[in-house]
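# Structural overview
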Amino acid sequence: MSAPNSSFVRACKSQPVDRTPVWFMRQAGRYMAEYRAVRKQHSLLEICKKPDLAAEVTITAAEILRVDAAIIFADLLLPLEVMGLPFHFSAGEGPVIEKPVRSREDIAHLRTDRWGELGYVSEAVGLVATHFADRVPVIGFCGAPFTLASYMIEGGGSRNYVHAKKMMYNHPADWDALMGKLVAVTTAYAAEQVRAGADAIQIFDSWVGCLSVEDYRHYVLPHVTIMVKELQKTGVPIIYFGTDSATLLPAMKESGADVIGLDWRIPLDEGWQRLGHKAAVQGNLDPVLLFADWKELKSRAEDILQRAAGRPGHIFNLGHGILPDTPVDNVKSLAQLVQEYSPKTADAHSVSAGSKKSPRTIR
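Residues numbered from 1 in each chain as written. Predicted model: local features only at pLDDT ≥ 70, side-chain atom pairs only at ≥ 80, totals over all residues. Heavy atoms only, no water.

A word on the packing of aromatic side chains. By the definition in use, this model includes seven aromatic pairs. Their ring planes at 85° and their centres at 5.8 Å tell us that Phe 87 and Phe 89 sit as a pair that is edge-to-face. By relative accessible area, which is 35% here, Phe 89 ends up partly exposed. Where Tyr 151 meets Trp 207, the ring centres are 6.1 Å apart and the plane angle is 65°; that geometry is what we call edge-to-face. One end of the pair, Tyr 151, is in helix H8 (residues 145–154); the other, Trp 207, is in the loop between strand E5 (200–205) and helix H11 (213–232), and 56 residues separate them in sequence. Through a chain of ring-to-ring contacts, the aromatic side chains of Phe 141, Phe 204 and Phe 241 assemble into a single cluster. The side chain of Arg 265 reaches across the aromatic face of Trp 264, ending 4.2 Å from its centre. Between the NZ or CZ atom of Arg 311 and the centre of the ring of Trp 272, over which it lies, the distance is 5.6 Å. (Phe/Tyr/Trp six-rings, centres within 6.5 Å; stacked < 30°, edge-to-face > 60°. Buried < 20%, exposed > 50% of the residue type's maximum accessible area, 1.4 Å probe, protein only. Helix = DSSP H or I, 4+ residues; strand = E, 2+ residues; numbered from the N terminus. Lys NZ or Arg CZ within 6 Å of the ring centre and 35° of its normal.)

Okay, structure coming up:
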């Protein structure tokens, strides 16, 4: 860990902090001119695979926004390549798996011994950690087994996940074999990011909200729990995030993750209550609110902070990633608002909520 005493790491551990830490999912992306300039010269995968470029876009975004953590620039699907499953990005369609995994034979051919070839990501983590030293913690990440399996089986994004669910229901042994291979690869990959200097690992379960609670508990939770327990052996806190997951929160907490990410579909205090206040929470502003005028954005952000009520263990974030064309100044001002607004106690929150002070302009 490069910044173990940072407010972000302390909040992940539900320890008291002097103010609420803030960072944003997809804080390095197309909405930022500096990133678009890099993309003019390099594809997304080229940036991921060149540690100096991945570190550059990671550092640039964190410094422009002045956030409390820098998440490494990478892509969820990178482990698929080393497992022997090529993919590419199609304009307007997102990732496309060239040969979807649909049979027991397809699963048997997947490799689990080449995760070391993803070392370019941990090298980028090391560069970012060296740059920031103990000033800004670095977040490593990986995809959750269900979300990666869904991409592998569906061949890309999906609305109904018919092929993935067919494998779950009709061939549970094959499903378990696939999930086991994904856990092995992604756990080793994420642990290497910690060894390179990451202060926390976020597990992204982007599509898990398509599942019922029963299916989540039966087909997903056992595998995620193994993954979380293994990664916690590295000594860093683990964040587990899923979208459209309000109904799954109590079950997700059973994974043992230190932090549960909340999307915007549930009020923060209600989501935290569903967790029994037994984990830290991260969230949970609707990313589209960053397109609203400042008065509305400020009001909605303050509402989240008030719902957190000064309880140790809140990390301010969006309920999903920053969208393309988001006004950069709104993101900057939001980060600053959280940092200036968040005192230690709920009483102090009330005092701040009555203040007329607007955030200073960041230049």
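In space, the seven strands of this open sheet follow the order E1-E4-E5-E6-E7-E8-E9, with parallel pairing throughout. The outermost strands of the open sheet, each flanked by one partner alone, are strand E1 (70–71) and strand E9 (314–318). The pairing of E5 with strand E6 (residues 238–242) spans five bridges and is classified as parallel. Note on E6: the bridge partner recorded for Ile 203 is Tyr 240. (Pairing = 2+ DSSP bridges.)

Further remarks concern the nonpolar core. Counting residues in each nonpolar core, the largest one holds 131 residues, and the members touching the most others are Phe 8, Phe 24, Ile 203, Tyr 216, Tyr 240 and Leu 334. If one sorts the elements of this core by residue count, helix H10 (residues 172–195) sits on top with 10 residues. Discounting chain neighbours no more than four positions away, the residues touching Tyr 240 are Ala 144, Ile 203, Asp 205, Tyr 216, Val 220, Val 224, Met 252, Ser 255, Ala 257, Val 259, Ile 260 and Gly 261. (Core = buried A, V, L, I, M, F, W, Y, C linked by side-chain atoms within 4.5 Å. Contact = heavy atoms within 4.5 Å.)

The next point concerns the pattern of salt bridges. This model, assessed by the stated rule, comprises 17 salt bridges. With its nearest N and O atoms 3.0 Å apart, the salt bridge here joins Asp 269 to Arg 307. Of this pair, Asp 269 sits in helix H13 (residues 268–274) while Arg 307 is found in helix H14 (residues 294–308), placing the two residues 38 residues apart along the sequence. Linked by salt bridges that have partners in common, Asp 244, Asp 263 and Arg 265 make up one network. (Salt bridge = Lys/Arg side-chain N within 4 Å of Asp/Glu carboxyl O.)

Attention shifts here to H14. Here H14 contains 15 residues, and its C-alpha end-to-end distance of 21 Å stays within 8% of the 21 Å for a straight helix at 1.5 Å per residue. The set of residues buried in H14 consists of Leu 297, Lys 298, Ala 301, Glu 302, Ile 304, Leu 305 and Ala 308. Buried residues in H14, looked at end-on, bunch into an arc of 155°, giving them a common side. Of the residues one or two after H14, Ala 309 is the one with positive phi, at around 60°. (Expected span 1.5 Å × (residues − 1). Arc of directions from axis to C-beta.)

What follows is about the environment of Asp 258. Looking at where Asp 258 falls in the secondary structure, it is placed in the loop between helix H12 (249–253) and strand E7 (259–261). The sequence separation of Asp 258 and Lys 13 amounts to 245 residues, and the corresponding C-alpha distance is 6.6 Å. A distance of 3.2 Å separates the side chain of Asp 258 from the side chain of Gln 232, its partner in a polar contact. For Asp 258, the side chain forms a polar contact with the main-chain nitrogen of Ile 238, separated by 2.8 Å. (Polar contact = N/O pair within 3.5 Å; in protein donor to acceptor, adjacent residues only side chain to side chain.)

Coordinates in, geometry out; function isn't part of it.
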